[in-house]
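Letter by letter, the chains look like this.
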Amino acid sequence: MGSASGLHQLVDTHYQALYRYAYRLSGTAADAEDLTQEAFGKALARLPQLRDQERAKAWLYRILRNAYLHRVRDQKRHRVVPLDAVGDLPERSAEELPEIEPARLQQALNELDEAFRTPIILYYFDDFSYRDIAEQMNLPIGTVMSRLARGKAYLRSRLVPPEPGENVAAVGDGPRRATDGM
Amino acid sequence: MECKDAQFYLRFRRPRADDLGPDEAVALDRHLATCPHCAADARLASSFDAAVGITMRAVPIPDGLRDKLVASVSAHQGALLRRKVYQAASVAASLLLAVGIGIGVFTAARPLPDTLDLAMKGDTLAGNLMADGQRVNWAGGGNPDPQAAQTNEATVRAWLAAEHLPADLPEPFDFGLLVSHHWEDVQGRKVPVVWFRERNGPGFAKVYIFRSTQFNLKGVPEAQSSYCKAQPYPSRAPGVTYLVVFTGPELAPFLRGQGGPIALAG
């Protein structure tokens, strides 16, 4: 894998998924491109650490997430919403679900703390099991499940218009500093 | 399965990949088939997840991204290779420097043979020999036996060869006058020595064979004591210097063709 063709193969195989992940994490195309580039650069330097090619994707995702966290660590630019008060999913019929606009989805993701955003993104990318997500984030699986439940509830509240009489006050006050209560 | 368990297991149901084991999946499906409330929840969660998943994954890939990344990775690779080459070069230079310093320290640590001390030890030996009347005790006394000389020389040459030293001594010593070949402790180092007696007297000549791995052999000085002279002889073989400590004014009484056996086989 150390050869030029091996590296190009690594890029060819994973760059699209990695870019999408970076986009959903960062929220902008420019940041996503930079992050993807940075992730491959760091991966190249650490290539001898990758012994199992089957794990290449998870390995690259972890490198990218670390690069992202490193970038935002001191910026504190993300204003995020607290999810303590978000309840369970309200009941509603499946037939009523509207189509989800990409911009609104990204906006909702941007409002989430990274601790909730990452498992949500990985969950909907489908390739990662709960166990994989827990490994990616170095968290117990129970914590991942809890964050997913609350993150999904928040997305639901932001993406699906409330039915008449439905209580959404807990998440409708606009972005604030986030704590996940854990 | 109860509704509470079904609600729990629904969390593991994924739009495209299920985290449920086969047993749980069957049990959950069985419950959903009989519980309209949980079935509605399952449909709701499933359709929401499907809608979000589709949108989540629908990120357009910028044109030319792949080529940009390949170019970037190639540039990174080149930089890494250059860095590795520089690192290897600096390691090699450091090693070379360390070896040089080591050799310098090693060279500086090797002592010059103390020729005066050896000459003075020769004095002590000469005094003892004269006091003991060794002159009459030297094996054979007078002219040596040519046959013994041949055997002695062969023995000494074999011993020197076994020690990876030149077989020839710096002067044509008469091996019929050989007293012994042995090791002596010189300044804490074992040194091979070939010892000859004088043909017609109590004197002796000792040939010390110094190696450059043990001693600093640059500029080994001559020395003179009361009875003995210490005379250095550089060897044609690299890294070896002889020091002959002998009684009297000259080496002639210890050499071939000086009244003893002539031209023994070399």
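Right above here is the structure, for reference.
Small disclaimer: the values here were computed from a predicted structure and weren't measured. (Residues numbered from 1 in each chain as written. Chains lettered and ligands numbered in written order. Predicted model: local features only at pLDDT ≥ 70, side-chain atom pairs only at ≥ 80, totals over all residues. Heavy atoms only, no water.)

S.K.: Give me the sheet that holds strand 3 (residues 204-211) of chain B: which residues, what numbers.
M.R.: Sheets are built from strands paired through backbone hydrogen bonds, the pairs being either parallel or antiparallel. All names here are of chain B. The sheet built from six strands is open, its strands ordered 1-2-3-6-5-4 with antiparallel pairing. On the outer flanks of this sheet lie strand 1 (178-186) and strand 4 (223-224), each paired with one strand and no other. As defined by bridge partners, strand 2 (residues 189-197) adjoins strand 3 across five bridges and the pair is classed as antiparallel. Opposite valine 194, over in strand 3, you have valine 207 as the bridge partner. (Pairing = 2+ DSSP bridges. Helix = DSSP H or I, 4+ residues; strand = E, 2+ residues; numbered from the N terminus.)

S.K.: Any details on the side chain of B:Lys206? Residues and values, ideally.
M.R.: All names here are of chain B. Along the polypeptide, lysine 206 turns up in strand 3. Judged by relative accessible area, lysine 206 falls into the buried class, the value being 11%. For lysine 206, the side chain forms a polar contact with the side chain of glutamate 184, separated by 2.6 Å. When residues no more than four places from it in sequence are discounted, the contact partners of lysine 206 are Leu125, Glu184, Val193, Val194, Trp195, Leu243, Val244 and Val245. (Buried < 20%, exposed > 50% of the residue type's maximum accessible area, 1.4 Å probe, protein only. Polar contact = N/O pair within 3.5 Å; in protein donor to acceptor, adjacent residues only side chain to side chain. Contact = heavy atoms within 4.5 Å.)

S.K.: If you had to explain the interface of chain A and chain B to someone new, which residues and values would you point to?
M.R.: The partner chain B presents 38 residues to the 48 residues of chain A that form the contact. Applying the counting rule to chain A against chain B returns three salt bridges. Of the charged contacts in the structure, one is a salt bridge between A:Lys152 and B:Asp49, with a shortest N-O distance of 3.3 Å. Across the contact surface, chain A and chain B share twelve residue pairs in polar contact (both at pLDDT 80 or more). Of all elements in the fold, only helix 1 (4-26), helix 2 (29-45), helix 4 (102-111), helix 5 (114-125) and helix 7 (141-159) of chain A reach the threshold of two or more residues within the side of chain A that touches chain B. (Salt bridge = Lys/Arg side-chain N within 4 Å of Asp/Glu carboxyl O.)

S.K.: Before we move on, can you summarise the pattern of salt bridges with the specific residues and values?
M.R.: Taken as a whole and judged by the stated rule, the model has 15 salt bridges over all chains. When the shortest N-O distance is used, the salt bridge between B:Arg157 and B:Asp168 registers 2.7 Å. Placement of B:Arg157 in helix 7 (residues 146-162) and of B:Asp168 in the loop between helix 7 and strand 1 is noted, with a sequence separation of eleven residues between them. With a relative accessible area of 23%, B:Arg157 lands in the partly exposed category. For B:Asp168, a relative accessible area of 45% translates into the label partly exposed. The closest approach of N and O atoms between B:Glu184 and B:Lys206, which form a salt bridge, is 2.6 Å. Taken together, the residues B:Glu184 in strand 1 and B:Lys206 in strand 3 connect sequence positions 22 residues apart. Residue B:Glu184 shares its accessibility class with B:Lys206, and that shared class is buried. Taken together, the salt bridges that share partners define one network made up of A:Asp12, B:Arg66 and B:Asp67.

S.K.: Give me the nonpolar core: which residues, what numbers.
M.R.: Counting residues in hydrophobic clusters, the biggest one holds 73 residues, and the most contacted among them are A:Leu155, B:Val52 and B:Met56. Core analysis: the next-biggest nonpolar cluster, separate from the first, contains 22 residues, B:Trp159, B:Leu160, B:Phe173 and B:Leu177 among them. (Core = buried A, V, L, I, M, F, W, Y, C linked by side-chain atoms within 4.5 Å.)

S.K.: Run through the packing of helix 1 (residues 3-10) of chain B against helix 3 (residues 36-57) of chain B, naming residues and quoting values.
M.R.: Residue and element names in this part refer to chain B. Close contact between helix 1 and helix 3 brings their axes to 10 Å; oriented N to C, the two are set at 10 degrees. As judged from the angle between their axes, helix 1 and helix 3 are roughly parallel. Between helix 1, through Cys3, Ala6, Gln7 and Leu10, and helix 3, the contact on the second element is made entirely by His37, Cys38, Asp41 and Ala42. Class assignment for the residues of the contact of helix 1 with helix 3 results in five nonpolar, two polar and one charged. (Axes fitted to C-alpha atoms, helices over the stretch in contact; angles between N-to-C directions. Parallel < 35°, antiparallel > 145°, perpendicular 65-115°, else oblique. Nonpolar A, V, L, I, M, F, W, Y, C, P; charged D, E, K, R; others polar.)

S.K.: Hey, could you go over the packing of aromatic side chains for me, with residue numbers and the actual values?
M.R.: Taken as a whole, this structure holds 13 aromatic pairs over all chains when the rule is applied. The rings of A:Tyr21, A:Tyr61, A:Phe125 and A:Phe128 are connected pair by pair, giving a single aromatic cluster. Looking at A:Arg156, its charged tip hangs above the ring of B:Phe48, at a distance of 5.4 Å from the centre. Above the ring of B:Trp195, the side-chain terminus of B:Lys206 is found at 5.1 Å from the ring centroid. (Phe/Tyr/Trp six-rings, centres within 6.5 Å; stacked < 30°, edge-to-face > 60°. Lys NZ or Arg CZ within 6 Å of the ring centre and 35° of its normal.)

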